[in-house]
Amino acid sequence: MAETVAPAAGVSQDTGTAARRGRRPRGTRDFRSTPLGWLYSAPAVLIFAGFVIVPTFYTFYVSLWHWNVLNPAMSTYKGLGNYRDLLTDVDPTFTQTLVNSLYFTLGMIVFGTGVSLGLALLLMRGGKAMGAARVMIYLPHATPLIATSIIWVWIFNPQFGFANYLLHLLHLPALQWTQSQSTAMPSVILFSVWHEVGFTTLVFLGGLAVISEETGEAARVDGCGPWREFWYVTWPQLRPVTAFIVVISSITSLQAFTQFYQLTSGGGPNNATTTLSYLVYKEGIVLGDTGYGAALAVVLFLTTVLFTLVRRRTAVGGGDLTA
Amino acid sequence: MQKENSHIMRIGPTLPATQPRRAAGAALMAALGLAASACAGGGTTAAASSASGPPAPSVTGPVTITIADAYTSTSSLGKTFDKVISAFEAKYPDITVKSVPEANYGTLETKLKAEVAAGQAPTIGQGYESFADQLEQSGKLVPISTLAGTKTPAELSGFYAGVQKDLYLPDGTLAMWPIGKSLQVIFYNSTMLSSDGLSAATDWNTFATDLEAASKGGVTGITIDPSAQTSGEEWLEELAASNGTPAYAADGTPQFTSSAMVKALEYLQNLKSKGALATGTNYPGETALGGRKGLADISSSAGYYYEDEAVGGEFKLTTTAVPQTDMMAGGNFFVLSSATSQQQAAAWDFLQFVTTPAEQAVWSSGTGYLPVTAQALTQSTMSPYLARNPWVSQIATGLDTAITDPPQEWVDDCGTVLASALQAGLSGTNATSALNVAQTACLQKKQADS
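This structure is a prediction, so every number in the text was calculated from the model and none was measured.

Student: I would appreciate a short explanation of the overall build of chain A in the present structure.
Tutor: Regarding its fold elements, chain A presents 14 helices and two strands. When the 323 residues of chain A are sorted by exposure, 34% land in the buried category. Once local pairs closer than 6 in sequence are excluded, the contacts in chain A between residues at least 24 apart make up 63%.

Okay, here's the thing in structure tokens:
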């Protein structure tokens, strides 16, 4: 007789037909919805609620006030006033800040995804040095972002930096890197890709590892060159992985802060690298305009949600690996 | 930080949402919102201390005071501050002083705001005038006039005139007390100066000529950090004031579009176009000077120790006052209202002690800050230091006439927009256009904060 008790910790004990199909037998309650399941989940749920959910709602609330952080009782209600200020401020303008955020995000998605896919394809070829190469590629990602940002401040130094020294060796003109309005954001993107490419390359390597060799061999037998094989055989099978990387990159890029804080302190030359997340810090923490900073945080949150929703709507085949 | 955020964003709902659960969740949020609304609400003003009256009562028994300051213990500032504290505790055995340092004024202000908001403020805080104004407006500061029982304590008249003026808020409250001040100075590579047949400038035009003449063979006359609250932005304000109109009127109204300010920005643009000025971060002028890639650096007089270290004895370092108008810097102390009456009395004893001529001599010679009273320069403990650094007594009188930014809250915001105008101007934007944007932005900030 088959067991009818609820499976322990979500693991099915039934070995009958339903288990062979991977489904629970009818009438068996999901452990996770039982009181005991809630009890086990409670610590994590409470921590998540306390450190994520409640602060999120509180931020919405604070954004409606001219908030006095030193004496909240003296705060004055502004309604949507902070949001109006956000749209009318001239230095920087909201449009400039949003464009900077999207510039960085697009740069990370396009450049970062492209570079990591290329590296993954190279590493898949194998070879004696591939093990060492994988370590070297992943190593930057294992380093603390703040520490490497400090080092790259010196690498990008226009007078003494290693970057301009390399350009000098290649007989190329020196650049101002983070000191010029036009090159500040590309410099931050360059650093960020260097730091993140290890992680995304590993994800692509994982995706490439599960692709069947047979379709590729069949394509080669039929006379497919390397590019056509990649475009018609490999790339379609990599879509779920690519979608995952694009979503994760876009969310983390919209929220990126550390490299902007360290590489281009103050928001960059003429606000060239002032993104939404940096502006939240500058207005809310540095300048103490907490209500305005909260309004910016709400806008950043909504922008991130919008990105995610658009991505889910436009996913073409291959599904979406995010929850 | 990106990795941490990506892990958080992966957490998603996996349990089926039923109507009762949704209702419970909404009720919880509503309850939290109501609870949060109890934390804010217009109009209840915390009791502000009176401007003057009887002085703080004397210390009658053992008491401990805490000071949140910007003097990290491993630096010369921290070590000298510890010396001052030890001398104070020896004189006042009933009072124990605990210093709680932070790395810089920015971090210190952020921490103080959090502590004040949480009701865990130290006895004495340190910061700039605009922060003191915010504290006073929020009812969290005990004016010095309350502690001293008068708006004009006896020690005040011994301070340099500019230092005295710096201690008052716009409403006339004597709110702060100094420990040391600094002025902008010019550090020169004297060897480079004389080999190029140049001499230290006594006006800005000559300074520009010197920088242009020295800019050759991989050397750039000067490198500045054009970010807010750095020597680059201060230099712009000094130039404007030297041209006749300071960056702000006395009531904090910006004057960024004055002809004086436009001329100041054009002066810097001209230097950049001739290759005599470069920009950087993280004390770039000091780095360039030390690397013999710069003729001069404009920086705080309190940074002499670091400039000297950067030079490392490779060439002779000369220090002179800036031509014409100078800006004063250096955070002040203020007493927080959460302190007990005994702590307030002890705090006032400490503040008076640190500004005695003898302690000012110790502080100045140990840190490079200028003493707030000229009487310190005649102390015997100061003589060896002055013999090694004759420039100190030459520039100290500048504290009588040096300017500071007005103490209004929005002035900090306006510093960032003025820095943006400086950066825009150095990137090629027309000076008038860049400053027009800064003026508009600053007026918006003033309106929002008023």
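Student: Explanation requested: the overall build of chain B in the structure shown.
Tutor: Helix and strand counts for chain B stand at 19 helices and 11 strands. Here chain B, with 450 residues, has 52% of them falling under the buried criterion. Here the contacts in chain B between residues at least 6 apart in sequence split such that 74% fall between residues at least 24 apart.

Student: How should helix α14 (residues 290-314) of chain A be read in this particular structure?
Tutor: Every α-helix carries 3.6 residues per turn, so stepping three or four residues along brings you back to the same face. Residue and element names in this part refer to chain A. With 25 residues, α14 should reach 36 Å at 1.5 Å per residue; the first-to-last C-alpha distance of 36 Å fits that figure. The set of residues buried in α14 consists of T290, G291, Y292, G293, A294, A295, L296, A297, V298, V299, L300 and T304. Contacts made by the buried residues of α14 are with α2 (35-62), β1 (65-66), α3 (81-88), α11 (239-254) and α13 (276-286).

Student: Before we go on, may I ask you to explain unusual backbone geometry in this structure?
Tutor: Glycine aside, residues mostly have negative phi, and peptide bonds are mostly found in the trans state. The peptide bond linking A:D91 to A:P92 adopts the cis configuration, its omega dihedral lying at -5°. Note on placement: A:P92 falls in the loop between α3 and α4 (94-123). Residues other than glycine seldom take positive phi values, yet A:H171 does so here, at roughly 60°. If you trace the backbone, A:H171 turns up in the loop between α7 (162-169) and α8 (184-209). At B:Q229, a residue that is not glycine, the phi angle is positive and equals roughly 55°. Looking at the secondary structure, you find B:Q229 in the loop between β6 (220-224) and α10 (231-242).

Student: Explain the domain arrangement of chain B to me, please; I cannot follow it from the model alone.
Tutor: A common way to state how big an interface is: give the accessible area lost once the parts meet. Residue and element names in this part refer to chain B. On domain assignment, one finds that chain B holds domain 1 (63-181 + 330-400) and domain 2 (187-328 + 409-449). Here the C-alpha centre of domain 2 lies 28 Å away from the C-alpha centre of domain 1. Listed by partner, the interface residues are 17 residues for domain 1 and 12 residues for domain 2. Contributing elements (two or more residues each) for the side of domain 1 that touches domain 2: α5 (129-137), α7 (161-166) and α17 (391-396). Within the side of domain 1 that touches domain 2, the residues separate by chemical class into five nonpolar, nine polar and three charged.

Student: Is there a simple way to explain the confidence of the model for chain A in this structure?
Tutor: Low-pLDDT portions of the prediction should not be read for the details of their coordinates. Within chain A, residue pLDDT values average 86, and 88% of them lie at 70 or more. Note that pLDDT drops below 50 for residues 1-19 of chain A; the model gives that stretch 23 contacts with residues more than four away or on any other chain.

Student: Sorry, what's going on with the packing of helix α9 (residues 213-221) of chain A against helix α10 (residues 226-237) of chain A here?
Tutor: To characterise two packed helices, one gives the angle between the axes of the helices and the distance between these axes. Residue and element names in this part refer to chain A. The interhelical angle for the contact between α9 and α10, taken along N-to-C directions, is 150°, at an axis separation of 10 Å. When the interaxial angle is binned, α9 and α10 end up roughly antiparallel. Pair α9 / α10 crosses with right-handed handedness. Along the contact surface, α9 presents T215, G216, A219 and R220, while α10 presents E229, V233 and T234. A per-class count over the contact of α9 with α10 returns two nonpolar, three polar and two charged.

Student: Looking at this structure, how should I read the nonpolar core?
Tutor: Generally speaking, a soluble globular protein has its nonpolar side chains buried in company with each other. By size, the foremost hydrophobic cluster in this structure holds 174 residues, and its most contacted members are A:L296, B:L211, B:L265, B:A421 and B:A438. Among the elements that line this core, the one with the most residues is helix α18 (residues 410-426) of chain B, at 10 residues. No fewer than three residues from each of domain 1 (63-181 + 330-400) and domain 2 (187-328 + 409-449) of chain B sit in this core. Among all residues touching B:L211, those that are not within four sequence positions of it are B:G221, B:I222, B:L271, B:A276, B:L277, B:L295 and B:A296.

Student: Please explain the pairing of strand β8 (residues 294-300) of chain B as it appears in this structure.
Tutor: The two faces of a sheet get side chains in turn, since along a regular strand they alternate between them. Residues and elements named next belong to chain B. Among the seven residues that make up β8, six are buried, leaving the element largely enclosed by the rest of the structure. Note that strand β5 (residues 182-189) and β8 share five bridges and pair antiparallel. Note on β8: the bridge partner recorded for Q184 is S300. Looking at chain direction, β6 and β8 are connected through two bridges and run parallel. Each bridged residue has a counterpart across the sheet, and for T220 the counterpart in β8 is G294.

Student: For this particular structure, what's the right way to read the environment of A:T290?
Tutor: Within the secondary structure layout, A:T290 lies in helix α14. Spatially, the C-alpha atom of A:T290 lies 20 Å from that of A:L98, the residues being 192 residues apart in sequence.

Student: How should I be thinking about the packing of α10(B) against α18(B) in this particular structure?
Tutor: Residues and elements named next belong to chain B. Running from amino to carboxyl end, α10 crosses α18 at an angle of 85°, the nearest separation of the two axes being 10 Å. As judged from the angle between their axes, α10 and α18 are roughly perpendicular. In contact with G232, E233 and L236 of α10, α18 contributes G415, L418, A419 and L422. Residues belonging to the contact of α10 with α18 are distributed by class as follows: four nonpolar, two polar and one charged.

Student: I'm lost on the pairing of strand β1 (residues 63-69) of chain B in this one. Help?
Tutor: Residues and elements named next belong to chain B. Most of β1 is tucked away, with six of its seven residues classed as buried. Relative to strand β2 (residues 95-101), β1 runs parallel, the two being bridged by seven bridges. In the sheet register, I65 faces β2, and the bridge partner there is V97. In this fold, β1 hands off to helix α3 (residues 76-91), which returns the chain to β2; that crossover is right-handed.

Here is what the cut-offs are and how they apply
- Residues numbered from 1 in each chain as written.
- Chains lettered and ligands numbered in written order.
- Predicted model: local features only at pLDDT ≥ 70, side-chain atom pairs only at ≥ 80, totals over all residues.
- Helix = DSSP H or I, 4+ residues; strand = E, 2+ residues; numbered from the N terminus.
- Buried ≥ 20, exposed ≤ 12 C-beta atoms within 10 Å, placed from the backbone.
- Contact = placed C-beta atoms within 7 Å.
- Expected span 1.5 Å × (residues − 1).
- Domains from an automatic or database assignment.
- Nonpolar A, V, L, I, M, F, W, Y, C, P; charged D, E, K, R; others polar.
- pLDDT = per-residue confidence, 0-100.
- Axes fitted to C-alpha atoms, helices over the stretch in contact; angles between N-to-C directions.
- Parallel < 35°, antiparallel > 145°, perpendicular 65-115°, else oblique.
- Left-handed = near helix turned anticlockwise from the far one by under 90°.
- Core = buried A, V, L, I, M, F, W, Y, C linked by C-beta atoms within 7 Å.
- Pairing = 2+ DSSP bridges.
- Right-handed = clockwise from strand over helix to strand, strands pointing away.

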